[in-house]
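Next come the chains, spelled out residue by residue.
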Amino acid sequence: MVNSILIDTWGWLTSNDAGERRHQQVATLYRTLLKQKTLIYTTTFVLDETFTLFFKRLNAYQAQKAMLQLSAAFSTDQFQLIQIDETRFSQAQTLRLKYLDKPQISFTDLTSMAVMQEFGILHVLTEDAHFIQVGLEFQRLPAQS
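The rules we used
Residues numbered from 1 in each chain as written. Predicted model: local features only at pLDDT ≥ 70, side-chain atom pairs only at ≥ 80, totals over all residues. Heavy atoms only, no water. Salt bridge = Lys/Arg side-chain N within 4 Å of Asp/Glu carboxyl O. Helix = DSSP H or I, 4+ residues; strand = E, 2+ residues; numbered from the N terminus. Buried < 20%, exposed > 50% of the residue type's maximum accessible area, 1.4 Å probe, protein only.

## Some remarks on the pattern of salt bridges
Here comes step 1: Applying the stated rule across the entire model yields six salt bridges.
Here comes step 2: Here R57 makes a salt bridge to E20, at a shortest N to O gap of 3.2 Å. You can see R57 sitting in helix α3 (residues 44-57) and its partner E20 sitting in the loop between α1 (9-16) and α2 (23-35), a full 37 residues away along the chain.
Here comes step 3: Close ionic contact of E127 with R21 constitutes a salt bridge, the shortest N to O distance being 2.4 Å. Taken together, the residues E127 in the loop between β4 (123-125) and α7 (130-133) and R21 in the loop between α1 and α2 connect sequence positions 106 residues apart.
Here comes step 4: The exposure class assigned to E127 is partly exposed, which follows from its relative accessible area of 27%.
Here comes step 5: Through salt bridges with shared partners, a single ionic network connects R21, R22 and E127.

This is the structure we're talking about:
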């Protein structure tokens with residue numbers, strides 16, 4: 001059982017877009033997380049990317065519905081929207097400098113990693129291997145095949 005998880009842009013998009021390759025698997029995992037009352041975290045930077053992709057990849061009605069439903073979820077106790085403030089931004093910059101050998105890691109992913117460290121979150125709903133490559137003991141869900 002997972003007590004807390006950070007959902008990355010890929011996780012939000014895949015759970016909302018039936019055309020995504022792993023949609024069914026991610027949607028099932030998401031429903032399980034909800035049933036288990038798992039604390040679900042995301043950041044303002046992740047939502048920025050997510051909402052942008054909703055409107056690029058989904059029709060306008062689906063994008064609007066997904067954005068409004070996701071926004072409403074963060075008014076409940078099970079969902080935590082973490083603001084990337086000046087301190088967290090600075091922590092992400094420190095991570096950027098630490099991982100100079102991994103220039104492909106996005107700054108948004110680094111802000112997510114900083115938040116995961118701050119809140120002791122070990123699980124991340126993503127397909128992004130960068131969360132594993134940094135060696136911070138993060139675990140990706142769903143399991144990668």
